Amino acid sequence: MSYLSPEFAVFFLAFLVIYWSLGRWNTAQKIVLLIASYGLYAGLDWVFGAILAIYSVCVIAALALMALLPSIRKWIAGLAITASVLNLAVFKYFDFFRETIQNAADSAGFDWALPALDILLPVGISFYTFQSIAYIVAVARGEREPAKLLDSALYLAFFPTLLSGPICRPNVLLAQIESTERRQFLEADRAIWLILSALVKKVWLASWLADTWVKPLFANPDAYQGLELLAGMYAFAVQIYLDFSGYSDLVIGMALLLGYKLPDNFDYPYLAQSLRDFWRRWHISLSTWIRDYIYIPLGGSRHGWGRTQLTLLTSMVISGIWHGASLKYIIWGAMHGFGVVAQNIIEKFRGKPVRGVFAGVVTFHLVCVAWVFFRADGWHEAVNYLSGFARFNAPLQMNVIGAFGLLIVFFIFTWFSRNFSETAVRVLERMPLLVKPVVLAAIVLAVNLLGPSGVPAFLYYSY
Amino acid sequence: MTLNPFAPKKSSPLTTLPVLAATLALVVWMRHDALDTYWQQTRHSELGLTDLSQAPVWAKGVQWAADLNKSLGEHQQQWDEIGSRMTLAANIVIDGPQAVDRLHPQAARVVVQTNAGAMLPSTSADGTHLKSAGPVLAYAPATATAAIPDPSVLAERPPLPPLAENGRIVLTPQDKVLLVGDSMMQGVAPHVARALQKANIASLDLSKQSTGLAYPSYFDWPATVQRTIPGSKITVMVVFMGANDTWDMVLGGHYEPFGTTRWQTMYTSRIDSMVKFAESQNVRVIWLGAPNMGKEKINSGVKVLNQLYKAETSDGVARYVSTRELLSANNPEEYQKHITREDGKVVTVRTDDGIHFTRDGQVMLSNLIMQQFELPTVAVVPEAAPAQAPNQAPTSAPNPAPVPTPPAPTAATAAILTTAKSS
C-alpha cells in the first residue's frame, strides 16, 4: 500500500482513531504501532515482513549479548555490524557481483556458468540496517543501554520511516519511543501542512516534471537539442528534490500525527553555496550517517589534510555504491567526492571559505551534472546525454524559455519558502474548524486533478 | 481571547481527527467515481461507489469536481498555446524567421470528429504535453469503432510505408513510429526510440503504466490513438500491452468474467478499433504478443489475449509478433526468468515481479521490434555497448525467418540474445 494511495489515507485515519483512543496506555499504543508497521510492511510482501522480523531478532539478541558480556561488547558489535552489512550487500549486490565474477571468469577463459538466484530486495532494507548500525554503535560505545524488546522492535519497524527514511538515530527516535510519559499530540497543523506540501511536491509537480521534461529527454536524448537537454537536466534536479523532500515531508507529517518528532531531512539544498554546504542540506539523515559511521571511522580529519581528502573521496564513493551496484552511481559519488576535495583545495589556497552567489551557481551545476549520471540508464548514456549539450542542428521542439523561466520561479520560491511555510502553518492554526476541511479538500482535489491518474511511486523506494 | 475564533487552536486529537475525517469525506464525495475506477483497475473488484451518483447529493460532488477539472483543463490549453508560441519564439531567436518554415507542423491543432460525437483535440505532434487522461479527462468511449477519417485529412497523411522483399517495413526519415502500451512497453520504448533515432527516424512514446484495453474508464487507448495519429506524421504504430488486462471487465454496470465470449467480443472490438483506425490513416501496426508471465493467473490470461491480438492483426497491414519464443528461449511454453544462451551463459531477462523485463530483456524486445524494420542506413547497430560488437546487426542482415510470423527460437533469437548480452 503506497502512502499516497486512497487505501492508505483511510487506513491511516482509522489507525489514528484507534491509536489516540489508547492515549492513556503508552505500551498499548506502541503495540498497535508495531502491529500496524508489520501489517503494512508484510502487506507489500510477506517475505519482507519475515526478513525484518528475523533481522530485528538478531540485532536485539546481539544487543542483549553486548549487555551481558560488557568486556567483549565491541567484538560483538563488530561482528553484528559486519553481519548486517553482509546481509544488506547480499540483497543489494548479489546479481551485480554474479555478473562481474561471470565476466571476469569469461575473460580469464574459465567456462563457468554462475547460477542466478532469485533475490528480491526488501524495500527499506538499507534504511533499517543503517538505523540498527547506529543503535549497535551507540550501545558499543556505552552511550546507551539496549532498550526493551518492544521499543527496539518498534525502532526498527516504525512504519513512517521504514521504507525510505529519514534514518533516525537512537537518541532521536528510540528515546521518544522509550519515553513513558503520555504521548502528546504535536503540532497537528504543521503535520497537515507537511502532508499537503508532500502532495503538491510529489503528486503534482514532480510527476509533471517527470512526464513532461525528464522521461522523454532521458529516454531519447539524441532527438533533442542542447538547450532542451540542459532544461531536462535542471528538470531532473528539481524532480528528484521535490520527489524525495516531498516524501520526507509526508513521513515527518505522519510521525507528528503519531506524536513523534523526526529530524528534517532537507534544508533547501539548491540554495547551497558550496558542495560541502549542499551535503549539509541534502538527505541530511544519510549524509550525517555516512559522516559518523563511515567518514569518521575511516580516519576523518585526524590524519592530516591529505588523508582527510582521501577519506572524503572514499566516503562519497561508498555513498555512490550504496545507491546501486552500477558504475554510474560510483561516478556520481566520485564527482561529489572530487568536487568537495576541489573545494577544500580552493579554500586552502584562498584562505577563506567558498561562498557567494557565483559559488552557489557553480555548485548547483556540478550537482545537476552529477544527477545526469544518477538518472541515466548507464554511464554511457549519461555521457551521451551531456555531449548533446553542444547540439544545435535542428529546431527546438520543447518550450525551453518556459523551462528556464520555471527554474527561476523555483529558485525565487525556494528562497521565500521557509517564511511561506511558517505563514501557512499559522494560517492553518487560525482557520476556523468548520472551514478547514473545505480548504483542505479543495487543495487535495486540485492536486488530484492536476497530477497523473494512478498512484505515483517514489524514486527512493528502490534504494 | 479564548472566544476569538481566530485565536490559535491547541492541537488535540479531538479537533484534528474530525477535521481530517471531514476532509477525507469531502474528497470521497467529489471523487467517488474516480475512486471506483481506481478500485476496479487496481483491485479488479467492485467498490460500488458509482451507484451513489444516482443520488443528487452525491452527483453534486462529482459535478463540482468535473467543473473544477474543466476549468483546469481550459487553463491547461491556454498554457499549451502560450508554450507553443514560446517554442516558436525561441526558434526564431536562434534561427531567424526561416525557423517557422523548418518547424515541424506540431503547432497545428487538428480537431477530429469521432463517430461517438466527441470532439477530440489533438495533442502536439511530439506528444510531450499530452496530459495523461485521468478518469474525468477521458474523452471518448473505447467502444467507439474506427472513426471514418475526413478525406481532406487523409489526403495530407503520408502513404503507407512499403514492405521490403523480406517482409520488413521500409522506413525513411519521413516516417514516425508511435509506441503504445503499458509498463512493459515503457521499459522497451526508450531502447526502440534510441535505435530509431540513430537512423534519423522520429518516434513518439505514449506508453503508460497500468493501462490496457480492459478499463477504458481509467485510460482509453482507442481514443488516445484516434486523437494522436491524425495531424501527426505517424506511419507505424507498435503496440505492446496485456499485463493489466487479464481481469473481469465492467460491462453495462455488471462484471463480465475474464475470457467469456462477451468479454472477448468486447476486447476484440477495442483491438479492432485501434487497428482499423490506424490502417484507415495509412499507419502500419506491429502488435507484440505478451510474453509468458511468472504469475499463473496472468500467464493463462495473456495466452487468451494473444489469440485475440493475433486474430485482429493478420491482414498484412497489421502484423502480430510473438514474444514468448524470445523470452522463453529454452522452452516457449514456460515462463523463464533467466535464459541460457547457446554458449551456456545465463542472462536474466525478467524482473522479480514476473511481468517486467530487465535491461537485457528490454534490449532483446527492442531488437525484436527493430527487426521488423528496414532502416535507411545500413550500419545501424541495435543498442549495444561498443566494447563487444554484436555478431549480427538485425537491421542490416538478411532476415533468417519471414518477419510477420513469430520468430522461431533459432538463429534470429540467438542473434537477439547475443546483442542483448553485449549491451
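The structure displayed is predicted, hence computed values, not measured ones.

Each value, and the rule that gives it
- Residues numbered from 1 in each chain as written.
- Chains lettered and ligands numbered in written order.
- Predicted model: local features only at pLDDT ≥ 70, side-chain atom pairs only at ≥ 80, totals over all residues.
- Heavy atoms only, no water.
- Helix = DSSP H or I, 4+ residues; strand = E, 2+ residues; numbered from the N terminus.
- Rg over C-alpha atoms; globule rule 2.2 N^0.38 Å.
- Buried < 20%, exposed > 50% of the residue type's maximum accessible area, 1.4 Å probe, protein only.
- Contact = heavy atoms within 4.5 Å.
- Buried area = accessible area lost by both parts, 1.4 Å probe.
- Salt bridge = Lys/Arg side-chain N within 4 Å of Asp/Glu carboxyl O.
- Polar contact = N/O pair within 3.5 Å; in protein donor to acceptor, adjacent residues only side chain to side chain.
- Nonpolar A, V, L, I, M, F, W, Y, C, P; charged D, E, K, R; others polar.
- Right-handed = clockwise from strand over helix to strand, strands pointing away.
- Lys, Arg positive; Asp, Glu negative; His and termini not counted.
- Axes fitted to C-alpha atoms, helices over the stretch in contact; angles between N-to-C directions.
- Parallel < 35°, antiparallel > 145°, perpendicular 65-115°, else oblique.
- Left-handed = near helix turned anticlockwise from the far one by under 90°.

Participant: Hey, could you go over the overall build of chain A for me, with residue numbers and the actual values?
Facilitator: Scanning chain A for helices and strands turns up 18 helices and zero strands. Relative to the 2.2 N^0.38 estimate, which gives 23 Å for 463 residues, the radius of gyration of chain A is 23 Å and therefore close to what a compact globule would have. Summarising its shape, the C-alpha atoms of chain A cover approximately 70 × 70 × 55 Å along the three principal directions. Expressed as a percentage of the 463 residues in chain A, the buried residues total 56%. Sequence separation of 24 or more characterises 76% of the internal contacts of chain A that already satisfy a separation of 6 or more.

Participant: Can you explain the interface of chain A and chain B? Please cite residues and give values.
Facilitator: Across the boundary between the two partners, chain A contributes 71 residues, which contact 63 residues of chain B. For the pairing of chain A and chain B, the buried interface totals around 5,500 Å² over both sides, and the portion due to carbon and sulfur atoms is 63%. Its largest share of buried area at the contact with chain B, chain A owes to Leu445(A), Leu449(A) and Ser453(A), together 11% of the area lost on that side. Our enumeration of links across chain A and chain B arrives at four salt bridges. Here Glu7(A) makes a salt bridge to Arg43(B), at a shortest N to O gap of 2.4 Å. Our count for the chain A to chain B interface comes out at eight residue pairs in polar contact (both at pLDDT 80 or more). The biggest single contributor to the side of chain A that touches chain B is helix α18 (residues 436-450) of chain A, with 11 residues. Grouping the amino acids of the side of chain A that touches chain B by side-chain chemistry returns 45 nonpolar, 13 polar and 13 charged.

Participant: Describe the side chain of Asp292(A), and please don't skip the residues or the numbers.
Facilitator: All names here are of chain A. By the element assignment, aspartate 292 lies in helix α12 (residues 284-295). Reaching out from aspartate 292, the side chain makes a polar contact with the side chain of arginine 291 at a distance of 2.8 Å. Ignoring any residue separated from it by four or fewer positions in sequence, one finds aspartate 292 in contact with Arg141, Arg169 and Pro297.

Participant: Break down the pairing of strand β10 (residues 318-321) of chain B for me, with residues and values.
Facilitator: Of the two faces of β10(B), the one carrying Ala318(B) and Tyr320(B) and the one carrying Arg319(B) and Val321(B) are both buried. Handedness of the crossover joining strand β9 (residues 284-288) of chain B and β10(B) through helix α8 (residues 296-312) of chain B is recorded here as right-handed.

Participant: Give a detailed account of the side chain of Glu312(B), specifying residues and quantitative values.
Facilitator: Mapping Glu312(B) onto the fold places it in helix α8. Salt bridges are absent for the buried Glu312(B), whose nearest opposite-charge side chain, Lys276(B), sits at 4.7 Å.

Participant: Quick rundown of the packing of helix α5 (residues 125-140) of chain A against α12(A)? Include the residues and the values.
Facilitator: Residues and elements named next belong to chain A. α12 packs onto α5 with a crossing angle of 40 degrees between their chain directions and a minimal axis gap of 11 Å. Between α5 and α12, the angle is such that the two are oblique. The way α5 lies across α12 gives a crossing that is left-handed. Counting all contacts with α5, which are made through Phe130, Ile133, Ala134 and Val137, the residues of α12 involved are Leu286, Trp289 and Tyr293.

Read these as layout, nothing more, since geometry by itself doesn't imply function.
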